Amino acid sequence: MPALDMVEADESSLPARPGRLDNRTRDFRRSVPLLLAAVLLLGDAHASPRNSVGLESITAAGSGTARDRRTLRACPLRGVPSGCRYHGLRDALAAALPGDHVVLAPGVYEEGAVIATPNLVLRGEPGAHLRGHAVEGKAALVVKANDVLIEGIECSGIAVRDNNGACIRIEGDDLTVRNVHFHDNQQGILSGPGRGVLLVEGSLFERNGFGGQAHGVYIGPTIETFIFRGNRILATTGAGHGLKSRAQQTIVENSVIAGLDGHDSRAIDLPNGGEVVIRGNVLQKGPNSDNGQMIGLALEGPLHEVNEALIEDNLVIFDTLPVGLVQSLGQALGLMPPKGTVIRSESPGEVILRNNIIVGAREIGSGAIEQDNRIHQSRREAGLPPYPALPEAVQ
């Protein structure tokens, strides 16, 4: 939190009184700085849980009185609760107040829920697993509240009728997702009307995607800043993109996005452009990919007002099928289009491709300024282990 500037009250802003000030008026004026500080501190207590580490109490919404932050522990609906006051996720969320922590005990939760309480932390103990149930025809967790933190859970098997069922649907502002395992869903994370900053870190996405319209992660244009840091997206399927972001500003750092044996499309797709940083990642395209491009930029309108991209310090690997008669015939018949384009860009702004290691690419592509990239024809030439081994993300 920024340092608080203590501002003395300006006497000209207080009502004029004839004669000398009485003692009560003097005491009131002397107390104004303390009142201002108290108001600011209480406001900070309502900050996002991720920015409130160490706070032991918060102000109850609307009450003006301080209360201890509570931990509400829930157990799965099936089975005998052990050390849990709340039976199921929805039961605990219904009782939660702003600032509370809802903790899921180990087990399978065959239920979904709407998160409508702001400043909430939803945390899973090891083994807590949301499986197979969506709410509102959207997602396992529909986040309507602001300043929510979701961490430490596993989520799988989410599918809905319109084929974009997600583990997390974002409809509130300023969400943080940390250390969550998303796998075998139509979509991992999907944003709706939520705004502000979305931070996703330390999470694993495996085998998500469906029908070319659902992806590992799909972020809409109302998100102002999307930060994707220290994550892994593996084997996206159904011709989905690993990560698709229409956010105004997208930052992808220190992550692994790898197609492996999945039938994916692009590793990263940024259809509306915007301010983009892609730094320190491992981007890999496997032999079954339906799209030869690793990154797509500004290929669908309308574009954001500000468009510029920096792509630097990444390891970019194309693991296509070995060159031979089968591949040559497949390409001639249009069944196996050539793979290996690093970026396709139609951005009106500057796109810098700098200090990357690029392995197995057929071409860099269009619309980028190249600076100090190192090009290798194969993993062996680059000193990398053979496919499907994946190096760690650049730190």
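What counts and what doesn't
- Residues numbered from 1 in each chain as written.
- Predicted model: local features only at pLDDT ≥ 70, side-chain atom pairs only at ≥ 80, totals over all residues.
- Heavy atoms only, no water.
- Helix = DSSP H or I, 4+ residues; strand = E, 2+ residues; numbered from the N terminus.
- Pairing = 2+ DSSP bridges.
- Axes fitted to C-alpha atoms, helices over the stretch in contact; angles between N-to-C directions.
- Disulfide = S-S within 2.5 Å.
- Buried < 20%, exposed > 50% of the residue type's maximum accessible area, 1.4 Å probe, protein only.
- Salt bridge = Lys/Arg side-chain N within 4 Å of Asp/Glu carboxyl O.

Quick word on the environment of L175
Along the chain, L175 falls in strand 14 (residues 175-178). When the C-alpha positions of L175 and V200 are compared, they lie 8.5 Å apart, and in sequence the two are 25 residues distant.

Thoughts on the sheet that holds strand 15 (residues 181-183)
Hydrogen bonds between backbone atoms are what pair the strands of a sheet, whose relative direction is either parallel or antiparallel. Strands sit in the order 6-9-12-15-18-21-24-27-30-33-36 across an open sheet of eleven strands; the sheet is parallel. Strands with a single pairing partner mark the edges of an open sheet, and in this sheet they are strand 6 (107-109) and strand 36 (374-376). When strand polarity is set aside, the average angle formed by the axes of neighbouring strands in this sheet is 10°. Two strands pair when backbone bridges link them, and strand 12 (residues 154-156) and strand 15 are joined in this way by three bridges, in the parallel orientation. The partner of S156 across the bridge, within strand 15, is H183.

Let's talk about the state of the cysteines
Here a disulfide denotes one covalent bond, and it connects the sulfur atoms of two cysteines. For the structure on display, the rule yields two disulfides. A sulfur-sulfur distance of 2.0 Å marks the disulfide that ties C75 to C84. Between C75 and C84, the S-S torsion sits near 60°, and that sign places the bridge as right-handed. For C75, a relative accessible area of 5% puts it in the buried group.

What about the pattern of salt bridges?
Under the criterion given, the structure shown has 23 salt bridges. The residue K144 makes a salt bridge to E171 at a minimum N-O spacing of 2.9 Å. Of this pair, K144 sits in the loop between strand 10 (139-143) and strand 11 (148-151) while E171 sits in the loop between strand 13 (166-170) and strand 14, placing them 27 residues apart in sequence. E253 is the salt-bridge partner of R279, the closest N and O atoms lying 2.9 Å from each other. Of this pair, R279 sits in strand 26 (residues 275-279) while E253 is found in strand 23 (residues 249-253), placing the two residues 26 residues apart along the sequence. Given the relative accessible area of 28%, R279 is considered partly exposed.

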